[in-house]
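Architecture and fold: a report
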Amino acid sequence: MFEAIKSILRKRKIGKFVSNVPTGFLPLDKITTVNVVVDVEEPGFEALKEDILSWGRQTGLKVNIYFFDFRRLDKEELLLTSIQTTIIKRELDWIGTPDLSKVIGLLGETSDLFISMVDNGNFPIDFLSKCAKARFKIGRTDYKGHVYDLVISGNQTAELRSDSRRIFAAMTDFLTKIK
């Protein structure tokens, strides 16, 4: 019963913030702003972050990175990323919506490209993916609602989790081929 209520409220929340920006493939020369969502628990997270920033510098794109950090931190442990762009578990409301002040750049301003490097369809990424105001959306996992214009996934077995850097490289390689 509780899950059914939660599901209804999640649908309403998405309905309130869902993006009405038409999406589709864009060539790289038509892209100026990119929003990327990354999970800090992703293997090779630091190297992936550097790859994303380096790609932005090389292509002259303005890149904003938002982070999911749902790890259980001890009192002495610090975040690996900036507190302004990191969504932590205790900042989710009871239905799983991220703190809107942290994601206002995704929800309030139209960007050219949204990339989700999160390889699940859990509600926080579902919410951000459906509500991000972007003209072209790329993700790693296809799920109900067909949010992404392009899905590039890797190995689906838990113990052989795909290298996120290779997936990001495949995404950027594909972007260079769109004319």
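Just so it is clear, the structure is predicted and the values come from calculations on it, not from any experiment.

Digging into the environment of G139
- Position of G139 relative to the elements: it lies in strand β5 (residues 137-139).
- The exposure class of G139 is buried, given its relative accessible area of 0%.
- For the pair G139 and G121, spaced 18 residues apart in sequence, the C-alpha separation works out to 10.0 Å.
- Beyond its immediate sequence surroundings of up to four residues, G139 is in contact with S116, Y148, L150, V151, I152 and M171.

Re the confidence of the model for the protein chain
- Chain-level statistics for the protein chain give a pLDDT mean of 89 and a share of 92% at 70 or above.
- Across the protein chain, the secondary-structure element scoring lowest on mean pLDDT is helix α3 (residues 104-108), at 88, and the one scoring highest is strand β4 (residues 113-116), at 97.

A word on the pairing of β4
- Residues L113 and I115 line one face of β4 and the alternating positions F114 and S116 line the opposite face, and both faces are buried.
- Across four bridges, the pairing between strand β1 (residues 33-39) and β4 is parallel. Among the inter-strand pairings, N35 is bridged to a residue of β4, identified as F114.
- Running through helix α4 (residues 123-131), the crossover from β4 to the neighbouring parallel element β5 is right-handed.

Conventions adopted
Counting restarts for each chain: residues are numbered from 1 in the order of the written sequence. Reporting of local features is limited, given that this is a predicted model, to residues whose pLDDT is at least 70; pairs of side-chain atoms are given and counted only at 80 or more, and all residues count toward the totals for whole chains, interfaces and linings. By convention in this description, side-chain values take in all heavy atoms of the structure and omit both hydrogens and water. Numbering of helices and strands starts at the N terminus; helices are DSSP runs of H or I of at least 4 residues and strands are runs of E of at least 2. Only protein chains enter the area calculation, which uses a 1.4 Å probe; residues under 20% of their type maximum are buried, those over 50% are exposed, and those in between are partly exposed. Residue contacts are counted whenever heavy atoms from the two residues lie within 4.5 Å of one another. As a per-residue measure, pLDDT tells how confident the predictor is, with possible values from 0 to 100. At least two DSSP bridges between two strands are required for those strands to pair. Classification remark: right-handed applies to a crossover when, strands pointing away from the viewer, the course from the first strand over the helix to the second runs clockwise.

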